[in-house]
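One letter stands for each residue in the lines below.
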Amino acid sequence: SIGGDLVKTTQSGANPTFSATGRFNDKRMRSLNDLPTIWSYAFKDGDRRSVILINLDTKSAHPAVLKFPGSAKDGKAELIRLAADSITANNEPELPESQVKLKSETLSDFKPGTTISLPKHSMTVVTWREAK
C-alpha cells in the first residue's frame, strides 16, 4: 500500500487525543499530551490509490469517513486490517498460533463518503484504482 507519491491527508470532526508518560527520544521520563489517536497516510501511484489509517486507542473503535477526489474503478476497493484481540498480542515463534492477524475484504460500493470502522489498536489499509 505504500508506494508512489505521499498525498496530504486532512482529518476533521471528532479527533480524540491521549496522553502518554514514558522515556522518549531523549531518554528522560516525561509526559506528552494531546497526541492524536487516529493517524492517516495516503499514497497515489498512477491510477492506484491507498490510505493507511492507524487507531492508537486501546479501548475504542472509531469511525472514519473517507473523502477523496474522483471515484473508484467499478466502485471496488480492498480493505486489509492488521488487528488483535489484545494490545499485548504478538506473533512470537514460541506461541502455538499467531495472535495478530491480517484480515482482508472487498468493499463493493466504495465511493467518496464511505464510512469504515477502525477497531481499537489497529491498522487499516484501503487500496483502489481510480476510475478514468
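Rules and cut-offs
- All residue numbers refer to positions counted from 1 along the written sequence of the respective chain.
- With the structure being a predicted model, the display of local features is reserved for residues of pLDDT at least 70 and the display and counting of side-chain atom pairs for 80 or more, all residues being used for whole-chain, interface and lining totals.
- As a convention, hydrogens and water are excluded, and side-chain values are obtained from all of the structure's heavy atoms.
- Using only the protein atoms, space was sampled on a 1 Å grid; points where a 1.4 Å probe fits but cannot get out form cavities, open sets with protein on both sides within 12 Å along at least five of seven lines form pockets, and lining residues are those with an atom within 4 Å of a point.
- Grid points are joined across faces, edges and corners, and a volume is the space filled by probe spheres set on the points.
- Gly is put with the polar residues, along with every residue not named as nonpolar or charged; the nonpolar set is Ala, Val, Leu, Ile, Met, Phe, Trp, Tyr, Cys and Pro, and the charged set is Asp, Glu, Lys and Arg.
- Secondary structure is summarised from DSSP: a helix means a run of H or I of at least four residues, a strand means a run of E of at least two, and numbering begins at the N terminus for each.
- By definition, residues are in contact when any of their heavy atoms lie within 4.5 Å.
- We call two N or O atoms a polar contact when they sit within 3.5 Å, provided that within protein one can donate a hydrogen and the other can accept it, with sequence-adjacent residues counted only if both atoms are side-chain atoms.
- A side-chain nitrogen of Lys or Arg and a carboxyl oxygen of Asp or Glu constitute a salt bridge if their distance falls within 4 Å.
- For two strands to count as paired, DSSP must find a minimum of two bridges between them.
- Axis lines are fitted to C-alpha atoms, over the contacting stretch for helices. Their N-to-C directions set the angle, which ranges from 0 to 180 degrees.
- Each patch groups residues whose relative accessible area exceeds 30% and which form no salt bridge, using 9 Å between like charges and 5 Å between nonpolar side chains of Val, Leu, Ile, Met, Phe, Trp and Tyr.
- Exposure was quantified through the Shrake-Rupley algorithm and a 1.4 Å probe, taking into account, for residues, occlusion by the shown protein chains and nothing else.
- Only protein chains enter the accessibility calculation, which uses a 1.4 Å probe; a residue is then buried when its area is under 20% of its type maximum, exposed when over 50%, and partly exposed in between.

Q: So, the layout of surface pockets: which residues are in play, and what are the values?
A: Volume-wise, the largest pocket comes out at about 770 Å³. In this structure, the largest pocket is lined by 29 residues; those nearest its centre are T10, L53, V65, L66 and K67. In the lining of the largest pocket, the residues fall into 16 nonpolar, eight polar and five charged.

Q: An account of the environment of S122 is needed here, citing residue identities and associated values.
A: With respect to the helices and strands, the residue S122 is situated in strand 10 (residues 122-129). C-alpha of S122 to C-alpha of A61: the two residues are 61 residues apart in sequence and 8.9 Å apart in space. Once residues lying within four places of it in the same chain are set aside, the contact partners of S122 are L53, I54, N55, L82 and A83. Within polar-contact distance, the side chain of S122 engages the backbone oxygen of P119 at 2.6 Å.

Q: Before we move on, could you go through the pattern of salt bridges and cite the residues and values that matter?
A: According to the stated counting rule, one finds six salt bridges in the structure shown. R49 is the salt-bridge partner of E130, the closest N and O atoms lying 2.7 Å from each other. Of this pair, E130 sits in the segment after strand 10 while R49 sits in strand 5 (residues 48-55), placing them 81 residues apart in sequence. Overlapping salt bridges bring together D26, R28 and R30 as one network.

Q: Can you lay out the sheet that holds strand 10 for me, pointing to particular residues and giving the numbers?
A: Pairing is antiparallel in the open sheet, where six strands are placed in the order 1-4-5-10-7-8. Across the chains shown, the open sheet's two edge strands, defined by having one partner strand only, are strand 1 (5-7) and strand 8 (101-107). Averaged over all pairs of adjacent strands, the angle between their axes in this sheet comes to 20°, without regard to strand direction.

Q: Quick one: what's the story with the environment of P36, residue by residue and with numbers?
A: For P36, the position within the fold is in strand 3 (residues 29-36). Residues P36 and S19 lie 17 residues apart in sequence; the distance between their C-alpha atoms is 9.1 Å. Among residues more than four places away in sequence, those in contact with P36 are P16, T17, F18 and L56.

Q: Can you explain a nonpolar patch on the surface? Please cite residues and give values.
A: A contiguous nonpolar patch, built from L6, W39, Y41 and L56 and spanning about 390 Å² of accessible area, is present on the exposed surface. For Y41, a relative accessible area of 33% translates into the label partly exposed.

Remember, this is a structural readout, not a statement about activity or role.
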